[in-house]
Amino acid sequence: MFTSVDDVSARLAATGYLASPAVATTVFLADRLGKPLLVEGPAGVGKTELAKAVAEVAGARLVRLQCYEGVDEARALYEWNHAKQLLRISAGRDESWDEARTDIFSEEFLLPRPLLTAIRGDDPKVLLIDETDKADVEVEGLLLEVLSDFQVTVPELGTITASRRPFVVLTSNASRELSEALRRRCLFLHIGFPDEQLERRIVRLKVPGLDAALAESVVRVVGALRAMDLRKVPSVAETIDWARTLLALGADTLDESVVRDTLGVLLKHQDDVLKAEAKLDLDAL
C-alpha cells in the first residue's frame, strides 16, 4: 500500500491522521513485511483511528472485531444460521438426514463473523481487532491460528485460506498482559500522548476554527493535568472535545472561570476535578 515512510505520513495526514515518525515507520514495515500490527497505549490516543485511517488510505473495507469479556468463537469467527437450518429441515421432511445435512451445512447457511469475513474474498481489507486485552485468554488461541496462516477450518466445509491477506491491526489498552506467542507474530507499536507540538497540530486540524493562541493554551493545560496524579488523565480525544467546547462557548482565552466550568469535558471523576481545581495554576503555564 505504501512506497515509503514519508508516503505513509503524507497519506495518513490527508485523511486527518497526523502520525509521528515512529507510527509511520511501523505502519510501513507492517505493510511491507505482511505482519499484524499490535498497537498498545492509553485509551483515546488514536489506536483505533489509525486502523480506520489505513483503511481509508488503502480504499479497503474495515472489518472490526470488538473484543469484550466473554467474546467467543461464534462471535469472532462464524456460526450457523440455526433458524434457517430448521426451516430447511422442516421443508424437506421426506429427505433422509444425510441428504438434509449436506444442504444445511453449506455456504447458504453460514454466518461469517469478522475473522472469517476478513480472510474471504479478493477485495482489500483492514482487520481491526479492537481492545484485544479485553478478550479471554482462550480467544488468543483462535487469533494465533488465524494470524499465523490466515486460514480458518470449518469442519463442515474444510479449510478456507485467504487469497489476499488483510492488513491487521490489534489494539490493546494493556489492561492484561497478552501472550508472548501472540506478540511474536506482530510488530509492536506503543502510542502514548503526543508532544505539545504534535498535539497542537492535531487540535488545529480537528478544530479548524480555534485560534492558534487558544489551541496552544489548551494543550498546555492538558499537559499540566496529565502531570498530576489523576485516576484518568485526559486523552487526545478529550483534548479535541475540550477545544470544540471552548469554540462552542465563544471563549477567546482560558481563565479560571472557563476552565472550572468545563473541566468535566476533560476529567471524568469528581476527585480528579477537585484535585485539578486545587492544583492547576493557569498563571504558571
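Residues numbered from 1 in each chain as written. Predicted model: local features only at pLDDT ≥ 70, side-chain atom pairs only at ≥ 80, totals over all residues. Heavy atoms only, no water.

**As for the pattern of salt bridges**
(1) Moving on: Enumeration according to the criterion identifies 17 salt bridges in this entry.
(2) Moving on: Here Arg11 makes a salt bridge to Asp7, at a shortest N to O gap of 3.3 Å. Taken together, the positions of Arg11 and Asp7, both in helix H1 (residues 5–14) and four residues apart, correspond to about one turn of that helix.
(3) Moving on: A salt bridge links Glu108 to Lys84; the nearest nitrogen and oxygen atoms lie 3.7 Å apart. (Salt bridge = Lys/Arg side-chain N within 4 Å of Asp/Glu carboxyl O. Helix = DSSP H or I, 4+ residues; strand = E, 2+ residues; numbered from the N terminus.)

**Thoughts on the pairing of strand S8 (residues 167–172)**
(1) Moving on: With six of its six residues buried, S8 lies for the most part within the structure.
(2) Moving on: Every second residue of S8 is oriented toward a common face, with Phe167, Val169 and Thr171 on one face and Val168, Leu170 and Ser172 on the other, all of them buried.
(3) Moving on: Relative to S8, strand S1 (residues 37–40) runs parallel, the two being bridged by four bridges. Among the inter-strand pairings, Leu37 is bridged to a residue of S8, identified as Val169. (Buried < 20%, exposed > 50% of the residue type's maximum accessible area, 1.4 Å probe, protein only. Pairing = 2+ DSSP bridges.)

**Examining the sheet that holds strand S5 (residues 125–130)**
Strands belonging to one sheet form pairs held by backbone hydrogen bonds; the direction of such a pair is parallel or antiparallel.
(1) Moving on: Judged by pairing direction, the sheet is parallel, and its five strands sit side by side in the order S2-S5-S8-S1-S9 without closing on themselves. Unpaired on one side and paired on the other, strand S2 (61–66) and strand S9 (187–190) mark the two borders of the sheet. Direction aside, neighbouring strands of the sheet carry axes that sit 20° apart on average.
(2) Moving on: Two strands pair when backbone bridges link them, and S1 and S9 are joined in this way by four bridges, in the parallel orientation. From the neighbouring strand, Leu37 faces S9, where its bridge partner is Leu187.
(3) Moving on: Those strands touched by helix H2 (residues 21–33) are S1, S8 and S9, and its axis lies near 160° from that of S9. (Axes fitted to C-alpha atoms, helices over the stretch in contact; angles between N-to-C directions. Contact = heavy atoms within 4.5 Å.)

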